[in-house]
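Structural features, examined
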Amino acid sequence: MSELILGIDLGTTNSMAAWVGPQGPEVVESEQITSHVPSVVSFGQRGRLVGQAALAARLEQPKHTFYSFKRFMGRGPKDISEDLSRLPFEVRSGDRDNLLLWAEDRGYSPEEMSSLILVEIKTRAEAILGQPVKKAVITVPAYFDDGQRQATRDAAELAGLEAVRILNEPTAAAIAYGLGEKQKGKVVVYDFGGGTFDVSVLELKEKIFKVLSTQGDTRLGGDDLDQLVAEQIAKEFLRGLELDPHSRQYLKKVAEEIKINLTSQTHTKTHIHLPAIGVDQELVYTREQFDQAIAPLVTRTLGHIAQALDQANLTPEEIDDVVLVGGSTRIPLVRHQVEQYFNKPPHIRLNPDQVVSLGAAIQGHLLAGGRRDFLLMDIIPLSLGIETLGGTFSKLVLKNASIPAKATEVFSTSIDNQTGIDLNLFQGEREFVKDCRNLGRFKLAGIPPMPAGLPKVEVTFFVDNNGLLTVTAEELRSHVKAQIDIVPTHGLKRAEVSRMIKESYEKALDDFSMRNLVEFRAKAEAIEAGLVKVWEQAPKYLSPAEIKAIEEHRQALLKIAQGDDPLALKAAIDQMGHLTREFADAIMGDAAKSALIKPGKG
Ligand code: ADP
Ligand code: MG
C-alpha cells in the first residue's frame, strides 16, 4: 500500500480533509466523526475550542472567538485595507511586520490559528482512518503570493504535518472533476464560499494546468448574503425595533438557516424568538424575496467572471468546462445565472464544499505514487528579479513561467575593489524597482578586491513546486557564496497584482525609454571613467588629430548624457566606440571594457 498523503482544504470558513480510499476519493469521515471543521478557534472559560464548538461559542465569547484568519495569513498591517476595529476580536500589529490575534493575555499569529485547525483535522483523520497522518497536500487561493504560501506551510509544520505540496484551489477543483484527464481545454472555476468569491480561468494543455487569470472579491461571500437577509428581516419584519448586538447575531444565524432551507424549498417558515425586544412570532420568507435581496451580489460575481475572461483573452463560448465550488454555489439563482452566462450547464456532480479537498486528495495520492495519469503545474503571477545599476529591474523568472522554475544569470560589479554586493530582490512587471514590490535583500560579502567588471556573480532564482523562492549568489572566481531562504515581506492583494500588471502595460513605453536612458548614461559614465584611467597613454598610440577628435567627442558625450534623449545618447556612445576602438583594443583591459554590471548590455 502506498503512503498516505491527505488532501486538506484549509478554507476561510470551513476546512476539511479528503483521501483516496478503496472507493476512490472521499472526504475523511465516519458515522461518528467528520474531518469537516469550521475554521474557528475560541478561547473561553471552557478552555480552547476548535471548530464546531468554537463556532457555538461565538455568541457568548465574541471577543475571544476568532474566524476568517486565513485573510491575515502571511500579511502585515500595511497589507490589510479592511477596518480591523470592526471585527469583534482584537487584531494587533506584531513586531515582525505581522499581525497578531489577541486572546486573553497573548497574541496568536494567523499561522498558529490555522495550525490549530490543522491539528484538529489531523487528529480526527487519524482516528477515522486508524493510521498516523504525517503528510498533506494543502490548498490555497490561486492569488496567494509567496508570503501567504509560506505562512500556510508554517501552519502545517506547527501542526506536525509536512505540506508536500501547496496546490491552487481552482486547480484542485478541476482535478476533482477529472478534467486533468482530458487532452486540453479551458476551465472556469467559480468559487463562492463563506467569506470570499474567486473566479479563475485555467488552461489544460497536454495534461498540465495553467492559471491564466484570477479575479474576485475577498469581501463577498455567503456571510454577506446572510447579512442582507438579516437586514431585510430587520427592516421589513421587525420594523422600527432597536436591535442590540446579540439580537443582530441571532438574526444572522436565522438568516443563514433560511438561506440554506431555500436551496431546496420555495418558501420557509421560521420562528423568531427575541424576548429582549418582545418579538415572538412566525416569519415566512420566500425564495423570491431571497433572490431579489441577493441579485445585486450575484450580478457582481458575473462582472468578475467577465474581467477574468477578459484578462485571459477569452470569450464565454471558448470555455469548455465550468466548475462550481463553495457552499454558496448551491443557491439556485447562482447556478442559474452562471449557466446562463456560459450558455452551458456547470459541473455540479460533486458536493461544492468538498470539491477542493477531493482534488487535493487526488493530487496527494498521485504524489504518494498512486495512479499518475497527469502532471500538474502552476504559474508565477509576477516576474521575479533583482535590482541592477541605476535602479533598473532585471527579471530572471518571467511572469507566467510554470513552476518549478529556475533561472540563472551572471552579473558583475561597477566599482573597483568592491568586496560586497547587495542583492535586492523584487517582484513586478515594471522596468524600475521603485515600481515593483520588494521581496527582501541579502549581501554577498568577502569578494576579494578586483577591478570593476571582473567579478562574476552568478545569481540563481529557484521557485519550488509550492511557489516558494530561494535565491543564491556565487562569485565564480573566489567561490564566495550567499543564499537567502526568502521570508518574503508580506503579501500583495490580488487587486494589487492586477494593478501592477495593468500598469506595466500602460507604462511599458515610458519605462522602456527611461530604462534605456539609465543604461546608456551608466555606459557613458563607464566610458568616461575608463578613458580617464588611460588617457595619459593616448599619445603613445594615437595621432594628435585622433586625440583631438576623441577629446571633442568626450565633451559632447558628457553633455548628451545629461539630457534625456536615449536615442541621441546611444548614437553618441556608438560614435565614441567607433573613435576609440583601436585604442581600446590596444590598451584597455577587461576591467575598463565591461564597466556595466549586466553583461550582454555593456
Ligand atoms: P469557504 O471556502 O469560505 O471556507 P464554503 O465553501 O465552506 O466556504 O462555504 C460556506 C458558505 O456556504 C457559508 O456561507 C454557508 O452559509 C454557505 N452554504 C452552505 N450550504 C448552503 C446552501 N444550501 N445554500 C446556500 N448557501 C449555503
Ligand atoms: Mg473554499
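Residues numbered from 1 in each chain as written. Chains lettered and ligands numbered in written order. Predicted model: local features only at pLDDT ≥ 70, side-chain atom pairs only at ≥ 80, totals over all residues. Heavy atoms only, no water.

Comments concerning the overall build of the chain
Formally: A run of DSSP states H or I qualifies as a helix once it reaches four residues; a run of E qualifies as a strand once it reaches two. Both are numbered from the N-terminal end. Burial classification: accessible surface area is computed with a 1.4 Å probe over protein chains only, and a residue below 20% of its type maximum counts as buried, one above 50% as exposed, and the rest as partly exposed. Note on definitions: a residue-residue contact is assigned when non-hydrogen atoms from the two residues lie within 4.5 Å.
Assigned secondary structure in the chain consists of 15 helices and 28 strands. Looking at the chain as a whole, 54% of its 602 residues are labelled buried. Residue pairs in contact within the chain that sit at least 24 positions apart in sequence constitute 66% of those at least 6 positions apart.

Some words on the pattern of salt bridges
Going by this rule: One speaks of a salt bridge when a side-chain nitrogen belonging to Lys or Arg is within 4 Å of a carboxyl oxygen belonging to Asp or Glu.
What the rule picks out here adds up to 18 salt bridges. Of the charged contacts, one joins aspartate 226 and lysine 259 as a salt bridge, the two residues approaching to 2.9 Å between their closest N and O atoms. Within this pair, whereas aspartate 226 is found in helix 5 (residues 222-236), its partner lysine 259 is found in helix 6 (residues 245-264), the two being separated by 33 residues in sequence. On the accessibility criterion, lysine 259 (10% relative accessible area) is buried.

Some points on the site of ligand 1
For clarity, the threshold we go by: Summary of the distance rule: residues count as near a molecule or strand when at least one heavy atom falls within 4 Å of that molecule or strand. N or O atoms within 3.5 Å of each other form a polar contact, as long as, within protein, one can give a hydrogen and the other can take it, and as long as residues adjacent in sequence are counted only when both atoms are side-chain atoms. Gly is placed with the polar residues, together with every amino acid not listed as nonpolar (Ala, Val, Leu, Ile, Met, Phe, Trp, Tyr, Cys and Pro) or charged (Asp, Glu, Lys and Arg).
Neighbouring ligand 1 are 19 residues, the closest being Thr13, Asn14, Glu256, Lys259 and Thr263. Threonine 12 has a polar backbone atom sitting 3.5 Å from an oxygen atom of ligand 1. Glutamate 256 places a side-chain nitrogen or oxygen 2.5 Å from an oxygen atom of ligand 1. Where the shell around ligand 1 is concerned, the elements lending two or more residues are helix 5 and helix 6. Top element by residues in the shell around ligand 1 is helix 6. It accounts for four residues. Taken together, the residues of the shell around ligand 1 break down into two nonpolar, twelve polar and five charged.

Side note on helix 5
Residues spaced three or four apart along an α-helix point in a common direction, a consequence of the helix completing one turn every 3.6 residues. Quick note on the threshold: What a helix should span is 1.5 Å times the count of its residues minus one.
Relative to the 21 Å expected for 15 residues at 1.5 Å per residue, helix 5 spans 21 Å between its end C-alpha atoms, a close match to the ideal helical length. When we look at burial in helix 5, the residues that qualify are Gly222, Leu225, Asp226, Val229, Ala230, Gln232, Ile233 and Ala234. Contacts made by the buried residues of helix 5 are with strand 13 (184-192), helix 6, strand 17 (279-286) and helix 7 (287-311).

What about the pairing of strand 24 (residues 421-427)?
Condition: A pair of strands is considered paired only if DSSP assigns at least 2 bridges between the two.
Most of strand 24 sits inside the fold, with six of its seven residues counted as buried. As paired elements, strand 20 (residues 384-388) and strand 24 share three bridges and run antiparallel to each other. Of the residues in strand 24, the one forming a bridge with leucine 384 is glutamine 427.

Considering the nonpolar core
Filter applied, for reference: For the purposes of this section, nonpolar cores are sets of buried Ala, Val, Leu, Ile, Met, Phe, Trp, Tyr and Cys residues that join through side-chain atoms within 4.5 Å.
Among the nonpolar cores identified, the biggest contains 49 residues, and Leu6, Ile8, Phe72, Leu118 and Ile138 are the most heavily contacted of them. Per-element accounting of this core gives the leading share, eight residues, to helix 2 (residues 110-129). Residue contacts for isoleucine 138: discarding those within four places in its chain leaves Ile8, Leu10, Leu118, Thr152, Ala156, Ala163, Arg165, Ile166 and Leu167. Counting 44 residues, the second-largest nonpolar core is a separate cluster that includes Ile272, Tyr285, Val298 and Ile331.

Points about the sheet that holds strand 24
One key point about sheets: their strands pair by backbone hydrogen bonds, in either a parallel or an antiparallel sense. This is how it is decided: Helix axes use the C-alpha atoms of the stretch in contact, all axes being lines fitted to C-alpha atoms, and the angles between their N-to-C directions lie in the range 0 to 180 degrees.
Within the open sheet, the four strands sit side by side as 21-20-24-25. Their pairing is antiparallel. Single-partner strands in this sheet number two, and they are strand 21 (392-397) and strand 25 (437-444). Across the sheet, the axes of successive neighbouring strands diverge by a mean angle of 30 degrees, strand direction being ignored.

Brief notes about the packing of aromatic side chains
A ring pair, where both rings are aromatic, is described by two values, the distance of the centres and the angle of the planes. Selection criterion: Classification of ring pairs uses Phe, Tyr and Trp, with its six-membered ring standing for Trp, and accepts pairs whose centres are within 6.5 Å; under 30 degrees between planes counts as stacked, over 60 as edge-to-face, and the remaining range as tilted.
One pass over the full model with this rule turns up ten aromatic pairs. Relative to phenylalanine 66, the ring of phenylalanine 43 has its centre 6.0 Å away and its plane inclined at 70 degrees; by these criteria the two rings are edge-to-face. One end of the pair, phenylalanine 43, is in strand 5 (residues 40-44); the other, phenylalanine 66, is in strand 7 (residues 65-67), and 23 residues separate them in sequence. When sorted by exposure, phenylalanine 43 lands in the same class as phenylalanine 66, which is buried. Note on phenylalanine 393 and phenylalanine 426: the rings are 6.5 Å apart at their centroids and 75 degrees apart in plane angle, and the pair reads as edge-to-face. Taken together, the positions of phenylalanine 393 in strand 21 and phenylalanine 426 in strand 24 put the pair 33 residues apart, joining distant regions of the chain.

Observations concerning unusual backbone geometry
Positive phi, close to 60 degrees, is recorded for asparagine 343, a residue that is not glycine. Structurally, the position occupied by asparagine 343 is in the loop between helix 8 (332-342) and helix 9 (355-367). Given the relative accessible area of 71%, asparagine 343 is considered exposed. With a phi close to 55 degrees, asparagine 417 is a non-glycine residue in the positive phi region. Positionally, asparagine 417 belongs in the loop between strand 23 (405-411) and strand 24.

As for the pairing of strand 8 (residues 90-93)
When a strand is regular, its side chains alternate between the sheet's two faces. Pairing between strand 8 and strand 9 (residues 99-103): four bridges, direction antiparallel. Bridging across to strand 9, glutamate 90 finds its partner in tryptophan 102. Joining the antiparallel neighbours strand 8 and strand 9 is a turn of five residues, in which aspartate 97 adopts a positive phi near 60 degrees.

Digging into helix 2
Look at helix 2: 28 Å from first C-alpha to last across 20 residues, which is about the 28 Å you get at 1.5 Å a residue. Most of helix 2 is tucked away, with 14 of its 20 residues classed as buried. At the exit of helix 2 stands glycine 130, carrying a positive phi of roughly 70 degrees.

With respect to the sheet that holds strand 14 (residues 197-205)
Spatially, 15-14-13-18 is the arrangement adopted by the four strands of the open sheet, whose pairing is mixed. Each edge of the sheet is formed by a strand with only one pairing partner; in this case those strands are strand 15 (208-217) and strand 18 (321-325). The average undirected angle you get between the axes of adjacent strands in this sheet is 20 degrees. Sheet topology places strand 13 next to strand 18; five bridges connect them, and they run parallel.

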